[in-house]
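Spelled out, the chains give:
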Amino acid sequence: MCATCGCGDDGATVTIAGEPPVPGHHHDHDHHDHPHSHDGQRETVSLEQRVLAKNDRLAQQNRDWLAHRDIAAFNLTSSPGAGKTTLLERTIGDLRGRTPIAVIEGDQETLLDAERIQATGCRAVQINTGPGCHLDAAMVRTALDALGPEPATLLFIENVGNLVCPAMFDLGERAMVVIISVTEGADKPLKYPHMFAAAKLVLINKVDLLPYVDFDLDVCTANARSVNPRVDVLPVSATTGQGVAFWYQWIDDTVKV
Ligand SMILES: Nc1nc2c(ncn2[C@@H]2O[C@H](COP(=O)(O)OP(=O)(O)OP(=O)(O)O)[C@@H](O)[C@H]2O)c(=O)[nH]1
Ligand SMILES: [Mg+2]
């Protein structure tokens, strides 16, 4: 069960396209078999705390595992369709040859995004969360075992498209990057503050569409900084390539920290 929205995430699977799926971890989540509402709010809050505390422990193990191999991981979050996979396709193409790159894809169903990434020649595994609405640290651990990234890999984790629950689940990444596209409205940082507060970088994508939509870059930036004063903000277009050089520079700077 998701600690934030209560949806189920049992039965996640990890798949390398072209190979049979392997079951993900079992989500015992320290809970019993009954719904959690019958004992009132206190039990629900305590369960949430246990789920998140357990995730934080596993995330720290992931962080240690990655650091030991000099692997920097970036957790990409956004609402569905903001352009995460398109940006990854361009990023892989542009950074190819500079450093090894691998991708963990998270979606409720389908191998579509992993297949798009593999079409670029990059190694990718797909986690299908089923009814679950976010990746968690245990799923990423299973995916890392399947992926076997070489030392010094640049690892991108594309989270399930959702601006709410992924904010709560540390995966052991170096940084969370939230992508918002100009068609979504400049108010989104105010309406989904937890995600923007957790991010190190906000990428404002699809700026090629700015002439056609009512979206104010300065207002969106100010809204993001009102919930996270130190967050970096970069406007980009994953399809035209506008601004992506600054994204690559940001990756370089963050990897070196
Ligand atoms: N005009 C424009 N379209 C874009 C841009 N980036 C992505 N798109 C389009 O937006 C749609 C969704 O892009 P995806 O990359 O699949 O988005 P996503 O965030 O990976 O989607 P989910 O994984 O389903 O959450 C596609 O039709 C892309 O071609 C961009 O910079 N400009
Ligand atoms: Mg995608």
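Relevant structure appears above.
Here's what I pulled together on the structure shown here.

Basis of the calculations
- Residues numbered from 1 in each chain as written.
- Chains lettered and ligands numbered in written order.
- Predicted model: local features only at pLDDT ≥ 70, side-chain atom pairs only at ≥ 80, totals over all residues.
- Heavy atoms only, no water.
- Donors = N, O, S within 2.8 Å, 3.2 Å for Na, K, Ca; no water.
- Helix = DSSP H or I, 4+ residues; strand = E, 2+ residues; numbered from the N terminus.
- Buried < 20%, exposed > 50% of the residue type's maximum accessible area, 1.4 Å probe, protein only.
- Salt bridge = Lys/Arg side-chain N within 4 Å of Asp/Glu carboxyl O.
- Polar contact = N/O pair within 3.5 Å; in protein donor to acceptor, adjacent residues only side chain to side chain.
- Contact = heavy atoms within 4.5 Å.
- Near = heavy atom within 4 Å.
- Areas by Shrake-Rupley, 256 points an atom, 1.4 Å probe, with all protein chains shown as cover.
- Nonpolar A, V, L, I, M, F, W, Y, C, P; charged D, E, K, R; others polar.
- Expected span 1.5 Å × (residues − 1).
- Arc of directions from axis to C-beta.

A few words on the coordination of the magnesium ion (ligand 2). Surrounding the magnesium ion (ligand 2) are the protein donor atoms Thr-85 (OG1), Asp-113 (OD) and Glu-158 (OE), at 2.0 to 2.1 Å. Mapping the donors of the magnesium ion (ligand 2) onto the primary sequence gives the spacing T-x27-D-x44-E. Of the two residues, Thr-85 sits in helix H2 (residues 84–95) while Asp-113 sits in helix H3 (residues 112–118), which places them 28 residues apart along the sequence. Among the residues examined, Thr-85 registers a relative accessible area of 5% and is labelled buried.

Two side chains that carry opposite charge are able to pair once their charged atoms sit near each other. Using the criterion set out here, one finds eight salt bridges in the structure. Taking the shortest distance from any N to any O, the salt bridge between Arg-63 and Asp-170 comes out at 2.8 Å. Here Arg-63 is found in helix H1 (residues 41–68), whereas its partner Asp-170 is found in the loop between strand S6 (154–158) and strand S7 (175–181), with 107 residues between them in sequence. Judged by relative accessible area, which is 27%, Arg-63 ranks as partly exposed. Asp-170 gets classed as partly exposed once you look at its relative accessible area, which sits at 22%.

The subject of this paragraph is the side chain of Thr-153. Tracing the backbone shows Thr-153 in the loop between helix H4 (137–147) and S6. Within the local environment of Thr-153, its side chain forms a polar contact with the backbone oxygen of Glu-150, the two atoms lying 2.6 Å apart. When sequence neighbours within four positions are dropped, the list of residues in contact with Thr-153 reads Asp-70, Ile-71, Ala-72, Pro-100, Ile-101 and Ala-102.

Residues in close proximity to ligand 1 total 20 residues, the closest being Lys-84, Thr-85, Thr-86, Asp-208 and Ala-238. Between ligand 1 and Arg-116 there is a distance of 2.9 Å, counted from an oxygen atom to a side-chain nitrogen or oxygen. Its free accessible area being 650 Å², ligand 1 has 72% of it covered by the protein chains. No other element matches the three residues that H2 contributes to the shell around ligand 1. Partitioned by chemical class, the residues of the shell around ligand 1 number four nonpolar, nine polar and seven charged.

So, on to H2. Its twelve residues place the ends of H2 16 Å apart at the C-alpha level, agreeing with the 16 Å of an ideal helix rising 1.5 Å per residue. Looking at H2, one finds that the buried residues are Lys-84, Thr-85, Leu-87, Leu-88, Thr-91, Ile-92 and Leu-95. Buried residues in H2, looked at end-on, bunch into an arc of 155°, giving them a common side. Looking one or two residues past H2, Gly-97 carries a phi angle of roughly 95°, positive in sign.

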